[in-house]
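Each chain, letter by letter, is given below.
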Amino acid sequence: MNKYLAALFFFITLTACDGNPTSEGLNYGNIRSVGGYITTTISNTSEKSADVIINARRDGRNVCTFVTYIKANSKNNIGATCKALGSGGSFKLHIGWASYFQDEASIAVRLK
């Protein structure tokens, strides 16, 4: 394997949405991270269309926060750069409806 690719792949720990209202109807998967560039697919099985917060966390701290709009009963493929993740180590992604996380939403980077 290319030595750069080997150094850039992360061990990713998934945190499942547990059915609480802050993430109701939201799921994510197909997570990849190479050199701090994260890609994932977010699906919305609810009738709600709204902004969603995506937090990348390392060692229990949010290191990058993003926000994106998702329509009801749809899915979005997203990509974002999180330089704080660098080229190694594990991290967790957490997602939720932005209306429940207004402080995070106010500082989040908007994804198109």
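Residues numbered from 1 in each chain as written. Predicted model: local features only at pLDDT ≥ 70, side-chain atom pairs only at ≥ 80, totals over all residues. Heavy atoms only, no water.

Student: It is not clear to me how the state of the cysteines should be interpreted in this structure. Could you clarify?
Tutor: Put plainly, a disulfide is one covalent bond tying together the sulfur atoms of two cysteines. Under the criterion given, the structure shown has one disulfide. At a sulfur-sulfur separation of 2.0 Å, the disulfide partner of C64 is C82. Note on the C64 and C82 pair: the S-S dihedral is about 90 degrees, so by sign convention the disulfide is right-handed. Placement of C64 in strand β5 (residues 61–70) and of C82 in the loop between β6 (74–81) and β7 (91–97) is noted, with a sequence separation of 18 residues between them. Relative accessible area serves as the criterion here: at 12%, C64 is assigned to the buried category. (Disulfide = S-S within 2.5 Å. Helix = DSSP H or I, 4+ residues; strand = E, 2+ residues; numbered from the N terminus. Buried < 20%, exposed > 50% of the residue type's maximum accessible area, 1.4 Å probe, protein only.)

Student: Where do I start with the sheet that holds strand β2 (residues 26–34) in this structure?
Tutor: Sheet strands associate in pairs through backbone hydrogen bonding, adopting either a parallel or an antiparallel arrangement. With antiparallel pairing, three strands are arranged side by side in an open sheet as β2-β3-β6. With one partner strand each, in any of the chains shown, β2 and β6 form the two edges of the open sheet. Averaged over neighbouring strand pairs, the angle between their axes works out to 15 degrees when direction is ignored. Across eight bridges, strand β3 (residues 37–44) lies against β6 in antiparallel orientation. (Pairing = 2+ DSSP bridges. Axes fitted to C-alpha atoms, helices over the stretch in contact; angles between N-to-C directions.)

Student: I would appreciate a short explanation of empty space enclosed by the protein in the present structure.
Tutor: To locate leftover empty space, one rolls a probe as large as a water molecule over the atoms. Per the counting criterion, the structure on display carries one cavity of 30 Å³ or more. Taken together, I38, T39, T40, I54, F66, I78, G79, A80, L93 and L111 make up the full set of residues lining the largest cavity. Going through the elements one at a time, β3 and β6 are the ones with two or more residues in the lining of the largest cavity. Broken down by class, the residue content of the lining of the largest cavity amounts to seven nonpolar, three polar and no charged. (1 Å grid on protein atoms, 1.4 Å probe; cavity = no way out; pocket = protein on both sides within 12 Å on 5 of 7 lines; lining within 4 Å. Points joined across faces, edges and corners; volume = space filled by probe spheres on them. Nonpolar A, V, L, I, M, F, W, Y, C, P; charged D, E, K, R; others polar.)

Student: What should I look at first to understand the side chain of T65 in this one?
Tutor: When you line up the elements, T65 lands in strand β5. At a separation of 2.8 Å, a polar atom in the side chain of T65 contacts the side chain of N55. Leave out the neighbours within four places in its chain, and T65 touches I53, I54, N55, E104, A108 and V109. (Polar contact = N/O pair within 3.5 Å; in protein donor to acceptor, adjacent residues only side chain to side chain. Contact = heavy atoms within 4.5 Å.)

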